[in-house]
Amino acid sequence: MSGRSGAVSSSTTLRDAPRFDRWRHRFGVATAASTLVLVFIGGLVTSTGSGLSVPDWPLSYGMLMPPMVGGVFYEHTHRMVASLVGLLTLILAVWTARAEQRAGVRRLAWAALAVVIAQGVLGGLTVIYLLPTPVSVAHACLAQTFFCIVIALAYVTSREWLAASASPVDASGLRGAALTAAIVVYVQLVIGAVMRHIGAGLAIPDFPLAFGRLVPPLTSGPVLVHFAHRIGALVVLVAVARLLVRARRARDPRLLRLAGALFGLVLLQISLGAATVLTTKAVTPTTLHVATGAAILGGSWLMTLRAFRLRRPAPDVAAAPAGQPVPQS
Amino acid sequence: MSTRSSLAVLALVGLPLLACGGGAKEEAAPPPGPAATAAAPAAPAGGGATSGTASISGKISFEGTAPAPEKIKTSADPKCQAMHPQGLERQTIDATGGGLKDVLVYVKSGVSGTYAAPTEPVLLDQRGCMYHPHIITVQAGQPLKIRNSDDTLHNIHPRPTVNQEFNIGQPRKDMESTKTFDKAEVPIPVGCDVHPWMRSYIAVLNHPFFAVTKEDGTYEIKGLPAGDYEIEAWHEKLKTQSLKVTVKDGEKAKADFSYKS
């Protein structure tokens, strides 16, 4: 009985051990990358004022493929890429449901599918109800949430997650710093989305000062929101700088590289924000500002996941061949 | 996950994807017959029947230097570009005819009684990737016929603040749609989000006493009953001016306006 029991126990351990599935992981990474491209194209739709150039949804002028002229080019491209991301998410969810052993990861994959469907419906509502601000803002924010979910899906299927760390990371303060940065960046993105969709992007027309002062007269809603976004940029800068300092202390080159890249992206993002104001919302800097914001959020979120994961020491299984079980830490 | 569950999820996600395709759905009316074409007067035609015998006419003059015409890039739509091989320009302040063109002049106050909206539609035409006319006038409740005379698609998107906003597409040449604004509102900007340079204004009034200035800046409002009126002139860039005018039955009053740059 005991021998039989022991055999069952051994078998269960092997079956339950998460396996590194290279292709599923790569598919998750590709889905995340496609999502970032989609965010950029969605930004283009708003930057070019093309959000209502296709007045119907889900059809486009009653067609599968309308003439790609003027604003239709941006809006319909956004719809096509969104459909592609939806399809990739569906495949990822079904693949994960069939191949993944961890119930939590399976649930995450279904959550990604539910969110991408909700996001598509929100996109349709923006068209049908002629860009109501709350729906447009929700559409912008849910895109970022979906991006984070897909990043998580890609990361938890990575060799790094499965193997944890060969060398324990000194996580003192790193996890808190990373989580704080991710939350601060998300809030900043929400403020940015509100600013963009209430048309307050130029409510303060000068930079770096605001109406020639450090603090503008906060007498109108648009000025208030715009100024909050500028203050938010400083808060993000401080949060990511703190993260960089903590990553240096952690002495893990992987984390330091990511934190350094994040800091660079924040500096780029502030420059793009300035360019957006100074060029009176030229399409290129404005759209890059949106996409870079998403990249910073994705990076901060990935940093958070890694900080939480890599704090745990684990056996070095980095060399484990693909498809082989990896002991869980 | 079971096969049935997989299929259900496939159907759920696939529906919107499939919905992006399919055949064209005709939302708007078929191409117009001769009667419909003939029934569409161009602005500045007035609205419905009037009972009075007085009129107010005048000229809108412009002093100063009008800005240079705005050059419009139409390369985003090759068909629009082909319609304007020499390029497209828009003169927002057009005083080349001796007076200021495209000024809406209307009775802002002093009108008593109600005036039934005409059933005859007013035409807003999309031709050469521009709106014709630039300023269009209708009575509240009067049909506005919108036609696409171009071999390219347009969307028609008025942005009223009082009336109901709408956004409709006309993907094919000669499509027509008819819309009605229920409440008086001056002006309602109209645009095409496909071709951002396309811009027009609709004036909706609850009486027929309005006009739009011709190339020489002149206008005439006919059929007014005797009374004291406030006449307002509105220009998209130069904004509004108003005058008080008193007319008696059969009288032809003058009300000139002058804008400066």
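Residues numbered from 1 in each chain as written. Chains lettered and ligands numbered in written order. Predicted model: local features only at pLDDT ≥ 70, side-chain atom pairs only at ≥ 80, totals over all residues.

## Describing the overall build of chain A
In step 1: For chain A, the count of helices and strands is ten helices and zero strands.
In step 2: Tracing chain A from N to C terminus, the helices and strands come up as α-α-α-α-α-α-α-α-α-α.
In step 3: The burial tally for chain A puts 45% of its 329 residues in the buried class.
In step 4: In chain A, of all internal contacts separated by at least 6 residues, the share reaching a separation of at least 24 is 74%. (Helix = DSSP H or I, 4+ residues; strand = E, 2+ residues; numbered from the N terminus. Buried ≥ 20, exposed ≤ 12 C-beta atoms within 10 Å, placed from the backbone. Contact = placed C-beta atoms within 7 Å.)

## Some points on the sheet that holds strand β8 (residues 143-148) of chain B
Strand pairing in a sheet is mediated by backbone hydrogen bonds. Such pairs are either parallel or antiparallel.
Residues and elements named next belong to chain B.
In step 1: Within the open sheet, the four strands sit side by side as β6-β5-β8-β11. Their pairing is mixed. Unpaired on one side and paired on the other, β6 (130-132) and β11 (176-180) mark the two borders of the sheet. Adjacent strand axes in the sheet meet at a mean angle of 25 degrees when their direction is disregarded.
In step 2: For β8 and β11, the ladder comprises five bridges, and the chain directions are antiparallel. By the bridge assignment for β11, Ile 146 is matched with Ser 177. (Pairing = 2+ DSSP bridges. Axes fitted to C-alpha atoms, helices over the stretch in contact; angles between N-to-C directions.)

## A word on helix α4 (residues 103-128) of chain A
All names here are of chain A.
In step 1: In this model α4 runs 38 Å from its N-terminal to its C-terminal C-alpha over 26 residues, within 8% of the 38 Å that 1.5 Å per residue would give.
In step 2: Looking only at α4, the buried set comprises Ala 109, Ala 112, Leu 113, Val 116, Gln 119, Gly 120, Gly 123, Thr 126 and Val 127.
In step 3: Following α4 by one or two positions, Leu 130 adopts a phi angle in the positive range, close to 60 degrees. (Expected span 1.5 Å × (residues − 1).)

## Description of the nonpolar core
In step 1: Among the nonpolar cores identified, the biggest contains 70 residues, and Ala 112, Phe 147 and Leu 243 of chain A are the most heavily contacted of them.
In step 2: For this core, the element with the highest residue contribution is helix α5 (residues 133-156) of chain A, accounting for 13 residues.
In step 3: For this core, the domains that each give at least three residues are domain 1 (20-163) and domain 2 (166-314) of chain A.
In step 4: Ranked by size, the runner-up nonpolar core spans 63 residues in total, among them Ile 93, Met 130, Tyr 131 and Ala 203 of chain B. (Core = buried A, V, L, I, M, F, W, Y, C linked by C-beta atoms within 7 Å. Domains from an automatic or database assignment.)

## Here's the deal with the sheet that holds strand β17 (residues 239-247) of chain B
Residues and elements named next belong to chain B.
In step 1: Spatially, β14-β4-β16-β17 is the arrangement adopted by the four strands of the open sheet, whose pairing is antiparallel. In the strand order of this sheet, the two ends are held by β14 (210-212) and β17, each with one partner. Neighbour-to-neighbour, the strand axes of this sheet turn through a mean angle of 25 degrees, independent of strand direction.
In step 2: Of the strand pairs in this sheet, strand β16 (residues 227-235) and β17 are connected by nine bridges, and their pairing is antiparallel.

## A few points about helix α9 (residues 253-278) of chain A
All names here are of chain A.
In step 1: With 26 residues, α9 ought to run about 38 Å at 1.5 Å a step, and its terminal C-alpha atoms sit 37 Å apart, in line with that.
In step 2: Those residues of α9 that sit buried are Leu 255, Leu 258, Ala 259, Leu 262, Val 266, Gln 269, Leu 272, Gly 273, Thr 276 and Val 277.
In step 3: Looking at the buried residues of α9, the elements they touch are α8 (221-250) and α10 (283-310).

## Brief notes about unusual backbone geometry
In step 1: Cis rather than trans, the peptide bond between Trp 57 of chain A and Pro 58 of chain A has omega equal to 10 degrees.
In step 2: Note on placement: Pro 58 of chain A falls in the loop between α2 (22-47) and α3 (70-99).
In step 3: Across the junction of His 132 of chain B and Pro 133 of chain B, the peptide omega takes the value -5 degrees, indicating a cis bond.
In step 4: Positionally, Pro 133 of chain B belongs in the loop between β6 and β7 (135-139).

## Overview of the domain arrangement of chain A
Residue and element names in this part refer to chain A.
In step 1: For chain A, the assigned domains are domain 1 (20-163) and domain 2 (166-314).
In step 2: Domain 1 and domain 2 are separated by 22 Å when their C-alpha centres are compared.
In step 3: The partner domain 2 presents 22 residues to the 21 residues of domain 1 that form the contact.
In step 4: Every element with two or more residues in the side of domain 1 that touches domain 2 is listed here: α2, α5 and α6 (159-163).

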